[in-house]
Amino acid sequence: MSKKTQNKIERKSDPRVPSLIVSLKEQARQEDAPIWRDIARRLEKPRKNYAEVNLSKLNRNANEGEIVLVPGKVLGAGILKRSVAVAALGFSASAKEKIAENGGRCVTIEEIMNEKPAGSGIRILI
């Protein structure tokens, strides 16, 4: 990793994010999966640029039974009518509640990376 990239990662205030970025890049190299490199690059940017996705946007863009990855936080505004698995850096309490009500599940990015190492069948939503 270059020194410039290493400095970007070390400046993160959330202690979970630097190790996540490193593991995402490692997984991208091992599995030859560009999806993980894309997510790592998005998380290297400043926190104010992270995605904030409401449930209404999830409802419009996700299909039933699909896995959706949000490189940021999922918020509880709106109604979710589909059962989807959502992987994100963070969830609001109301978003977790509404996703669980519809038979969906909330997982971390680390968990979804272990479940689907090649990254196939995952939709990125920003």
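Residues numbered from 1 in each chain as written. Predicted model: local features only at pLDDT ≥ 70, side-chain atom pairs only at ≥ 80, totals over all residues. Heavy atoms only, no water.

Under an unreviewed UniProt entry, the name given to the protein chain is Large ribosomal subunit protein eL18, and the source organism is Methanohalophilus halophilus. According to the UniProt record, the Sequence similarities (unreviewed entry) comment for the protein chain reads "Belongs to the eukaryotic ribosomal protein eL18 family." (UniProt positions renumbered as here; feature names shortened; annotations may be inferred.)

Enquirer: Teacher, can you tell me more about the side chain of Lys25 here?
Expert: Within the fold, Lys25 resides in helix H2 (residues 16–31). For Lys25, a relative accessible area of 12% translates into the label buried. Residue contacts for Lys25: discarding those within four places in its chain leaves Thr5, Ala40 and Glu44. (Helix = DSSP H or I, 4+ residues; strand = E, 2+ residues; numbered from the N terminus. Buried < 20%, exposed > 50% of the residue type's maximum accessible area, 1.4 Å probe, protein only. Contact = heavy atoms within 4.5 Å.)

Enquirer: Before we go on, may I ask you to explain the pattern of salt bridges in this structure?
Expert: Side chains that carry opposite charge are capable of pairing whenever their charged atoms lie near each other. Summed over all chains, the structure comprises five salt bridges. Notably, a salt bridge pairs Glu110 with Arg16, separated by 3.1 Å at the nearest N-O pair. Taken together, the positions of Glu110 in helix H6 (residues 109–115) and Arg16 in helix H2 put the pair 94 residues apart, joining distant regions of the chain. Residue classification places Glu110 among the partly exposed positions, given a relative accessible area of 23%. Across the pair Glu44 and Lys25 runs a salt bridge whose closest N-O atoms are separated by 2.5 Å. A residue pair is termed long-range when its members are at least 10 positions apart, and Glu44 in helix H3 (residues 34–44) and Lys25 in helix H2 qualify at 19 residues. Given a relative accessible area of 11%, Glu44 falls into the buried group. (Salt bridge = Lys/Arg side-chain N within 4 Å of Asp/Glu carboxyl O.)

Enquirer: Looking at this structure, how should I read H2?
Expert: Every α-helix carries 3.6 residues per turn, so stepping three or four residues along brings you back to the same face. Compared with the 22 Å implied by 1.5 Å per residue over 16 residues, the 22 Å span of H2 between its first and last C-alpha is a close match. Looking at the buried positions of H2, the neighbouring elements they touch are helix H1 (3–10), H3, strand S3 (85–91) and H6. Just past H2, the residue Asp32 takes up positive phi, approximately 55 degrees. (Expected span 1.5 Å × (residues − 1).)

Enquirer: Sorry, what's going on with the pairing of strand S1 (residues 51–54) here?
Expert: Two faces belong to every sheet, and in a regular strand the side chains alternate between them. Every second residue of S1 is oriented toward a common face, the buried set being Ala51 and Val53 and the non-buried set Glu52 and Asn54. Here four bridges tie S1 to strand S2 (residues 67–75), and the two strands are oriented parallel to one another. Its bridge partner lying in S2, Val53 is registered against Val74. (Pairing = 2+ DSSP bridges.)

Enquirer: Any chance you could explain the pairing of S2 here in plain terms?
Expert: Summarising burial for S2: seven of the nine residues are buried, a large majority. Handedness of the S1-helix H4 (residues 55–61)-S2 crossover: right-handed. Sheet topology note: the S2/strand S5 (residues 122–124) ladder contains three bridges and is parallel. Paired with Ile67 across the strands is Ile122, a residue of S5. Judged from the six bridges that link them, S2 and S3 form a sheet pairing that is parallel. Across the sheet, residue Ile67 finds its bridge partner in S3, namely Ala85. (Right-handed = clockwise from strand over helix to strand, strands pointing away.)

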